[in-house]
Structures are given as structure tokens and as C-alpha cells.
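# Structure assessment
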Amino acid sequence: MRYQMRAVLGTRRWLVLTLVLSVVVWLIALAGLLSLARHVHDDVPVLLAKKLPLLKTHPSLIFAGDSRTEYQVDPVLAAELTGRRPGDVVNIAYQAGEPLALLAAVHREPDVFRDAHMVVSVSPFIFNEGVRSAAVYPQDVAARLSVGQQMTSFLPLRVGTAIRFIREAFASRLAAEENIADRGPAPPALGLVRLERVEPEDSWPATIGAHGHYANWDLSGPKARFEIGALCDMVQLTGKLTVVIPPWAPRYNRASDPTWRERDDTYVKLIEDAGSRCGFEVIDLPSIPELVQSDYADEMHVTAKGVPIYTRALVARLKQ
Amino acid sequence: MLFSSFTFLFQFLPATILAFAAARLHSPRAGIMVLVMASLVFYGAWRPVYLLLFLGSVGVNFALGLAMEKPERRRAVGYCGVALNLSVLGFFKYANFLIETAHDVSGAALPHLDIVLPLGISFFTFQQIAYLVDVMRGAKVERDIVSFTLFVSFFPHLIAGPLVHHAEMIPQFKRERLGRSAWLAAQGWAIFVAGLFKKVVIADNLAQFANPSFAHVDIGGSLPSEWAWLAILAYTLQIYFDFSGYSDMAIGLALMFGIRLPVNFRSPYKARSIIEFWRRWHITLSRFLRDYLYIPLGGNRFGIVRRYFNLMLTMLLGGLWHGAGWTFVIWGGLHGLYLVVNHQWRDHKRRWPDGAVGRAAAWALTFIAVVIAWVFFRARTMAGAGAMLASLTGLKTTGGAFVSDGILRVMDLPVLVGEGSLLLIGWGAAAAALAVALLLPNVPETFRYREYRRAPERRGFLVWRPTFGWALALALALAVSLFGMWQRVEFLYFQF
């Protein structure tokens, strides 16, 4: 009986030891993989590399940035409105696109950007240190953190962000080695992707102040530092740089949402201060009167119906 | 929900273990109730609507069992029950196959039915058919719906086996004690991690050397023979490590709750004859086919010709059980043919020469025969299987040539290595996996697993003990597997 009891206790200790060792080994392996990922990471991600073949025509107007350009700006219409030939305006924006990646693309093809007007959309999650979810964390910022900073920033609850960084790093290295930016086919519609489906009512956030992009509001971290730095660096490398802050769906009212208003004001001020300091133009579009609620697919993206309206409004502001 | 998913490992499993432990403090029966609830949640997580079908199947078969208590209607009810189960399985699994075959034969325009195959239907239907047949033969009717439901639904074996027998499961649910739980939990966890490693690290990484080649021949292309042999060898090892890894995980999970599942694999590629192979490969299916098909057909009781006919028919239907397609029928037929030849060889008292050469020749012939049969199992089309066989023999076909992308995926992390290096790495990986399959003891041996009311597995040179060294080895295996889990590759046997 005593022997049996000792055996049971020993087995319990062994189980605990196995679990503890698993955690330790996993952390060491994660650190090793993160270090390797930092080494292989290329600042031009796959999603952007796939769009770079559009630059072969040496466009004079390049729309870039995040999904609020990818889904909302029609380059064909923009060319027509600005009196350019088709192909002279392109849309190289991609989901969760970040200025650091654009800067890497500019360094890669300096001649293409030197005389072009680049219009870059930005969103709060790119600068807000409090947003650490895997889907939108800027990968090039992650690559600039040390392994220790990555682990303390993302563990334990945001381990998915660390894992995404590892996967994206290897994918970006492969894209660079396969040279898909030069050899790949140009995407259709000059880079515009249309959203057809409207999100169901229960997936719309109640308020923007409580939206994930404004969570744990902090503009003092490495995200803001590196991404603002990238915008500033691009000023000298492009013909003209314009940074756009697109609107949210009209159902949301800034006036009755003090959290949103307060945080959004600091965010807009951050961009505008950088613009005046570094010399880029900032277009803040808190609302576009012609865009109505039914033109929106979700709280921040217009449907295909809203694309021409948004494009016209943006081009009109660019012309001013 | 995959066993190799983060949701299962970090949410479902800990929650179920904690709930089970808490319930068992109250009574073993409460623990069993928790396992039933967890199993239904596990199944419902896939497609809630099919949970109704599953519960309907369990309810109807339980009621049929009760109706068979009266001896005068036992056979009639039993036959109706078996027919009903086969009809449901036939509708979901074979309706489109029959329609397509009728269309091919007659040329008539027949509609394709939009049917989603319920997860694990082949497994839970066969288990219940076995129950009804046994009751017809005089086995005791199960009157406890909770135990019966758990026998069918117990989540470790629910989706892809091992195929369990009511007589080895239900008595375990009714014991007052569920064994030395700390020891069993440690042993179960160790077996689970070993299975996870086999699946996620070995099988999933081998898949990259098989999938593109088979996809290429299935669309009419041809392969250089070195790529063709790599593809079929990689698949041979992938399916073994995938399915046996799944079975190990199932056994380990069940053991954590004090339940012993039957062993499903005993190093099948070490077999030196096809008869031996089927005693080592998917053992619970072989057992089912033997007890509920081969023996009722007459087995070996009516002469040699009838015996071979029974063998062929059993294996053909065994092939069809795996999937609704002619490639599976041919796979089963090939194994039936192999078995007939093997029995002929044995019946005529022919023997391989004694010694290492004879043993090696017997092993090599068996292994090659199994590998060739896997071509039909893996190819999506007959034309694809034909093109793969032609490529294996170096014959030129008219299809487009194969160009590898030269990308190695280590746990799904892509690295551009070039076509030549990828081929070399592929052969190295296949050779290493084959060495593991041939030279190491299998998981039940390593962990001295014991089936319900059986002696422990024979002892290999590697034996698990709750020591620091084993803790470190399993920690390494788990840590590496966790990085592989982001691949989210389904188990091959889920489709059956």
C-alpha cells in the first residue's frame, strides 16, 4: 500500500515535471524561431509583393496603405478623374498594410517612386501599441523588436502574433527569393478588390470607442515611432506623399462617443504633427456626405457600390 | 475539432479532464455522464445539425437492442436493424458513387446529390451493427442508455477509431473504480504526445513529398520515376504515421480517463507476409471484417475455393468501406489477391530460405506489394493510379511533365531549396521515417500498454518510465509538435 502510494505521488510529480519542461522547452524553441524569423524576415510582405508587378508601368499616382484603400479606391476611375491614362494610376494597398513595408518597396524600386505621387491610407491599429492581435500587428515593426521584446509583448495571450510573425517572415523571404514582385502576374483591376457582402448586423461593433483598433490606447510605443519614421523617410523618396485618414461608417457618431473622439483626435494630431514636421500632406476624412450607411460592408469598408463615391471624394480632395 | 488543434488541446481537453475529475469525486457514474456530454460537444462542434443524426442513430440502435430482448423477434428485429444501419451508411457514403456508376454504365443523365458525409459515420455505424449482430447471437442486451451512448460516442475513438467492441467498452464504464488514475493519466499523456508527434511532425511533413505528385498524375500528368517512387514511399509512411498517430492519441486520451481502447497498429511495415501485415495494420477493422463478414460468409469451413472467394469478397468490401470509389475497390481487391496468394503459399508449405536473406526477401516482397496497393488508395482517379504506376516503372506517358516548385516546407515554414535538393531531402526524410517504422518499437510496446483484460504488450528495447529523461523527451516532442500544429492538416482517415 505504501509502495503504491509512493508510485502514485511519483507519477503525479512526473506529470507536473513533464508539463513544466514542455513549457520551458517550448519557450526556448519559440525564442530560437523568433530569432531565425528576424533573420530571414523581408520588409516587403507577400501581399505587397504580389501587387508590385503593377509598378512596371511606372505609374504617376500610386494608392497604397491598408484595406481602406485596397477595397475603396478604383484606379481606373481615379485615372479618368485626374486626366491620366489607364495604368498610370494603381492601387498597391493590402490588408493591414503598413508604411514600413511601403518604404521597403520604395527602397527596392527607387526610380518608380521618385516622381510619383503616393497616397497612403492609415488606420489607428498601425500606431496604437495596445492593438496586438495577430491579424493586424505590423510585421515590420515586430521584426524591429528584439526577441526579448517580442516575447514580453506577445506572451502569453498574444502568442498568435508571434507565430504569425514567424510564418510571415518565412513567407516574405520566399517571396523575395522567388522574386514574385518582378516575375509575378499583375493583379486584376489594377489592384482594386471589391467587397460585395455586407456583414450581418450582429458583427458590427456597438461603438467605435470600444472598437479593437482603439483598445488600450497608447501612441508612445515602437509602432508609432517606426511607422511615423517610415512616412517621414518616404517624403524624400517620392514625388509627393499624401497620408489619408479614411472615414468610418456613418451610423457611428463621434459627437456621442467621447472615447472615440478623444483617441481619434490624438491619433489625427500625431499624423498631422508628423506631416508638418516631415513635409507630407495629410487628408483627414472624418466623413463623406455622399457615402450613406447602405454603402458600407462593415464599420470601416465600403461595398462595391461605395467605391466610386469614395474614389471621387478622395480625388476631389487630392485636387484641392 | 482535431486532436492536433489548439482548441482541442488547450480548451476542450483541459475542461473535460477537470470536469471529469470533479465529477468522479462524486461518483464514477457522474464521471461517465461528463464523458458523454463532452463527447456530444466534441461531435457537435463539427456540424451541430449532424449531432441530431448521430443521436438518432444511437437512440434507434439502443431501442432495437431492447426490442431484441424477446427471443421470438430477436432475429427479425436484428436483421431490420442491420439493414437500417447499412441503408443510412449507404445513402450518405455510397449514393453518389452508385449514381455515377449508373451514369457511366447507362449514359443516363442522373442528378448528383449534395450530401455531406457525417464525420465518423463508417465507424459508429459498424460498431452498432456489431452490437446488433452480437445480440442476435445471444449477447446480453445493454439496458443503460448512458453506457450505450458512451460506447458509441466516446470522443477519443468517435471520429476515426479504433473500432471498439461493446463487450470491451461497456464493462469498463460500469466499474466502480477507474484504475490508478495518476499512473494511467501519466501513461495516457505520454502515449498521446507520442501520437501527436507521429502525426504532426512525421506524417504532416511527409505529405509535401506525396501531395503535389499525386495531384499532378490525377490531372493527367506524368512523373520522373525518382519523384514517383518518392511520392508513393512518402505516402506509404505518411498514412502509417498519420493513422497510427491518431490511434495512439485516441488510446492515450482514453487512458487519461481510465478507459482502455484496443490497439490498432503493431508495426505493420515490419511484416514479412501479407497475412502478418493485416494482423498489424488497422487491427480493429481486420477484427471486425473477420468476425462480422468473413466468418458469417463461411470463413474457411467450406473448402479452399470458397475460402478464397470469402477472402476476396471480404477485402473488396473492406476496400469499399474506406471510400466510395473504384480505386478503393481495387485496393481491397489487390489485398484480397495478395492474401489468397499468401494462403496458397502457406497451404503448399512453401517457405522462404532460412536466415537473414530469406527474411529480408520476405519483408521486401511484402513491403513492395503493400506500397503498390497504396497507389490505388491514394490516387483520386483510375487514370491517376495508372499514370503513377507507369511513372514508377519509368514508362513515358503522354501527360505533362512534372516541375517541382523546389520549396521545402518544414512544419509548413517554406524554404526555397531548388528541385534537386528537394528530391534529396525528400528521400532522406522518407528513409528516416522508414527507419523509425522498422527499427524502433511501436508505441504500445514502448509504453507497455495493456488492452482491456489482456496482457501488456511485449517489451521492446525502449520502455517508458516516469523518469526525468522521458519527461524531457516528451517535453521536446510536445514542444516541436505544438509548432507543427499550425499546419492544421486533417487526419487522412477522417474522410472514411
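Not measured: the values here are computed from a predicted model.

## Things to note about the overall build of chain A
Assigned secondary structure in chain A consists of 13 helices and 5 strands. With respect to the principal axes defined by its C-alpha atoms, chain A has extents near 90 × 50 × 40 Å. Relative to its full complement of 320 residues, chain A shows a buried share of 54%. The contacts of chain A with a sequence gap of at least 6 include a subset with a gap of at least 24, amounting to 85%.

## As for the interface of chain A and chain B
With 23 residues of chain A at the interface, the matching set in chain B holds 28 residues. At the boundary of chain A with chain B, total buried surface from both sides reaches about 2,400 Å², with 81% on carbon and sulfur atoms. Between chain A and chain B we count 1 salt bridge in total. Of all the secondary-structure elements, those providing two or more residues to the side of chain A that touches chain B are α1 (2-40) and α9 (159-178) of chain A. Examining the composition of the side of chain A that touches chain B, we find that 15 residues originate from one element, α1(A), more than from any other. Here the side of chain A that touches chain B is built from residues that sort into 16 nonpolar, 3 polar and 4 charged.

## Some thoughts on the pattern of salt bridges
Residues and elements named next belong to chain A. Inspection of every chain in the model, using the stated rule, returns 30 salt bridges over all chains. Between Lys305 and Asp295 there is a salt bridge, with its nearest N and O atoms 2.8 Å apart. With Lys305 in the loop between β5 (281-284) and α13 (307-319) and Asp295 in the loop between β5 and α13, the pair connects residues that are 10 residues apart, well separated along the chain. Take Lys305: its relative accessible area is 52%, and that puts it in the exposed class. Since its relative accessible area comes to 2%, Asp295 is described here as buried.

## Some words on the pairing of strand β1 (residues 407-410) of chain B
Residues and elements named next belong to chain B. Note: β1 against strand β2 (residues 413-416), 4 bridges, orientation antiparallel. Residue pairing across strands places Val410 opposite Leu413, the latter belonging to β2. Where β1 hands over to β2, the hairpin turn is made up of 2 residues, of which Met411 adopts a positive phi near 50°.

## Observations concerning the environment of B:Met312
Residue and element names in this part refer to chain B. Residue placement: Met312 occurs in helix α13 (residues 304-322). Judged by its relative accessible area of 24%, Met312 is partly exposed. Taking the C-alpha atoms as reference points, Met312 and His335, 23 residues apart in sequence, are found 8.1 Å from one another. Leave out the neighbours within four places in its chain, and Met312 touches Gly333, Gly336, Leu337 and Val340.

## Observations regarding the packing of aromatic side chains
All names here are of chain B. By the definition in use, this model includes 61 aromatic pairs over all chains. With 4.8 Å between their ring centres and 5° between their planes, Phe3 and Tyr246 make a pair best called stacked. Of this pair, Phe3 sits in the segment before α1 (6-26) while Tyr246 sits in helix α10 (residues 225-256), placing them 243 residues apart in sequence. Under the relative-accessibility criterion, Phe3 is labelled buried at 1%.

## Here's the deal with helix α12 (residues 258-278) of chain A
Residues and elements named next belong to chain A. Helix length check: α12, at 21 residues, gives a terminal C-alpha distance of 30 Å against a target of 30 Å (1.5 Å per residue), a fit within 8%. Every buried residue of α12 is accounted for by Trp260, Asp264, Tyr267, Val268, Ile271, Ala274 and Gly275. The buried residues of α12 occupy one face: seen down the axis, they fall within an arc of 120°. For α12, the exposed residues set more than 90 degrees away from the buried face come down to Glu262, Ser276 and Arg277. Buried residues along α12 sit against α11 (222-237), β4 (240-245) and β5. Count one or two residues on from α12 and you reach Gly279, which has phi positive near 100°.

## A word on the pairing of β5(A)
Residue and element names in this part refer to chain A. Taken together, the 4 bridges between β4 and β5 define a ladder with parallel strand orientation. Residue pairing in the sheet places Val244 in a bridge with Ile283 of β5. The parallel pair β4 and β5, bridged by α12, forms a crossover whose chirality is right-handed.

## A look at the state of the cysteines
Residues and elements named next belong to chain A. Under the counting rule described, the total for this entry stands at 1 disulfide over all chains. Paired by a disulfide, Cys232 and Cys278 hold their sulfur atoms 1.9 Å apart. Taking the torsion about the S-S bond as the criterion, the Cys232 to Cys278 disulfide, at about 70°, is right-handed. Note that Cys232 is positioned in helix α11 and Cys278 in helix α12, a separation of 46 residues in sequence.

## Side note on the domain arrangement of chain B
All names here are of chain B. Structurally, chain B comprises domain 1 (6-178) and domain 2 (184-265 + 351-495). Centre-to-centre, using C-alpha coordinates, domain 1 lies 28 Å away from domain 2. Contacts between the two partners involve 30 residues from domain 1 and, on the opposite side, 23 residues from domain 2. Looking at the side of domain 1 facing domain 2, the largest losses of area belong to Phe6, Pro162 and Gln172, adding up to 24% of the total buried there. One can count 0 salt bridges joining domain 1 with domain 2. Counting the contacts that link domain 1 with domain 2 gives 2 residue pairs in polar contact (both at pLDDT 80 or more). Among the secondary structure elements, those contributing two or more residues to the side of domain 1 that touches domain 2 are α1, α7 (155-158) and α8 (166-173).

What counts, and at which threshold
Residues numbered from 1 in each chain as written. Chains lettered and ligands numbered in written order. Predicted model: local features only at pLDDT ≥ 70, side-chain atom pairs only at ≥ 80, totals over all residues. Heavy atoms only, no water. Helix = DSSP H or I, 4+ residues; strand = E, 2+ residues; numbered from the N terminus. Buried < 20%, exposed > 50% of the residue type's maximum accessible area, 1.4 Å probe, protein only. Contact = heavy atoms within 4.5 Å. Buried area = accessible area lost by both parts, 1.4 Å probe. Salt bridge = Lys/Arg side-chain N within 4 Å of Asp/Glu carboxyl O. Nonpolar A, V, L, I, M, F, W, Y, C, P; charged D, E, K, R; others polar. Pairing = 2+ DSSP bridges. Phe/Tyr/Trp six-rings, centres within 6.5 Å; stacked < 30°, edge-to-face > 60°. Expected span 1.5 Å × (residues − 1). Arc of directions from axis to C-beta. Right-handed = clockwise from strand over helix to strand, strands pointing away. Disulfide = S-S within 2.5 Å. Domains from an automatic or database assignment. Polar contact = N/O pair within 3.5 Å; in protein donor to acceptor, adjacent residues only side chain to side chain.

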